[in-house]
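Tertiary structure, described
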Number of protein chains: 2
Amino acid sequence: MTKQRREVYTVLMKNRDHPTANDVFRRLQREMSAISLATVYNCLDALAEHGLINQVNFDREPSRFCVNPAPHVHFRDARTGVIHDINFKEGCQITDLLELPDGAEVSELELTISGDLPAQT
Amino acid sequence: MTKQRREVYTVLMKNRDHPTANDVFRRLQREMSAISLATVYNCLDALAEHGLINQVNFDREPSRFCVNPAPHVHFRDARTGVIHDINFKEGCQITDLLELPDGAEVSELELTISGDLPAQT
DNA sequence: CTTCCGATTTAGAATTATTCTAAATCGGCC
DNA sequence: GGCCGATTTAGAATAATTCTAAATCGGAAG
Ligand SMILES: [Mn+2]
Ligand SMILES: [Mn+2]
Ligand SMILES: [Zn+2]
Ligand SMILES: [Zn+2]
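Residues numbered from 1 in each chain as written. Chains lettered and ligands numbered in written order. Predicted model: local features only at pLDDT ≥ 70, side-chain atom pairs only at ≥ 80, totals over all residues. Heavy atoms only, no water.

1. A few points about the coordination of the zinc ion (ligand 3)
Donor atoms from the polypeptide that coordinate the zinc ion (ligand 3) comprise A:His18 (NE2), A:Cys66 (SG), A:His72 (NE2), A:His74 (NE2) and A:Asp85 (OD), at 2.1 to 2.4 Å from the metal. Relative accessible area serves as the criterion here: at 6%, A:His74 is assigned to the buried category. (Donors = N, O, S within 2.8 Å, 3.2 Å for Na, K, Ca; no water. Buried < 20%, exposed > 50% of the residue type's maximum accessible area, 1.4 Å probe, protein only.)

See the structure below:
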């Protein structure tokens, strides 16, 4: 945990909105020391490798980063662009619904959903 | 359906192995007329927009293209790199397992899995 | 405290999948 | 055959990310 990695992690924790690397970079510039963009990428890599954060990809858009350590999936509201964390229902395994070949071992699973939420009232 | 779109589609049908745009381009150069890479991208876009093919993304790797019209997800064998189509079990809805907010409407859903398959014997 | 050294940071260049541009070509229709 | 909107094409541009190589850090050892 270097100073820069901690700063990147703190920014992610402060505002859990799945920012891009560039979002993180701009927030760090505004709030504190002048970190470099390459360092932001390095730190995000390091944090992800150690399991503290997750990299989230929607199609080919810039990656986003997530500090929610619980297993969950991502839902983007098409109207607002906001990305919501969606938990699994109690005791549910996605892989139970799939016709996986016998003996297949899942090591990574990413589920992204786009859709609409009813307007807030 | 132009001549180029048909050729792109034919290449995808002939070898349903989820090639990248560049793979498709190289196969077309080898087999038939000299199509341009921009046209391959244009054609893949057009085919996808009309629902004939699907664009598949694993993390930030080059997009791959899939001609399987059935709803399914993608499993990459980490050992071989081969991408397998995985169907849903009869009558199963992934969204039934998720704590989606009330009234959420899913318009797109992409599930990608990486893992290991037992060695072929 | 000073020196040392591997790890990290940094600025900027490089990479690369994809998109854009603008000119050439196509193909169906009159 | 000529017209015209759509498509194709080659090449340039874009943009997220990675790479490079030099500067800096920070803890350990002396
Ligand atoms: Mn995706
Ligand atoms: Mn993915
Ligand atoms: Zn999340
Ligand atoms: Zn497929």
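2. Concerning the interface of chain A and chain B
Contacts between chain A and chain B engage 39 residues on the former and 39 residues on the latter. Of the roughly 3,300 Å² buried between chain A and chain B on both sides combined, carbon and sulfur atoms contribute 58%. In terms of surface lost to chain B, no three residues of chain A exceed A:Arg60, A:Leu97 and A:Leu98, which account for 20% of the buried area on that side. Connecting chain A to chain B are zero salt bridges. In this structure, the connection of chain A to chain B is made through 16 residue pairs in polar contact (both at pLDDT 80 or more). Mapped onto the side of chain A that touches chain B, the elements with two or more residues apiece are β3 (72–77), β4 (83–87) and β5 (105–116) of chain A. The element best represented in the side of chain A that touches chain B is β5(A), accounting for 12 residues. Across the side of chain A that touches chain B, the residue classes break down as 18 nonpolar, 10 polar and 11 charged. Of the pairings in the sheet, the one linking β5(A) to strand β5 (residues 105–116) of chain B comprises 11 bridges and is antiparallel in character. Paired with A:Leu109 across the bridge in β5(B) is B:Ile113. (Contact = heavy atoms within 4.5 Å. Buried area = accessible area lost by both parts, 1.4 Å probe. Salt bridge = Lys/Arg side-chain N within 4 Å of Asp/Glu carboxyl O. Polar contact = N/O pair within 3.5 Å; in protein donor to acceptor, adjacent residues only side chain to side chain. Helix = DSSP H or I, 4+ residues; strand = E, 2+ residues; numbered from the N terminus. Nonpolar A, V, L, I, M, F, W, Y, C, P; charged D, E, K, R; others polar. Pairing = 2+ DSSP bridges.)

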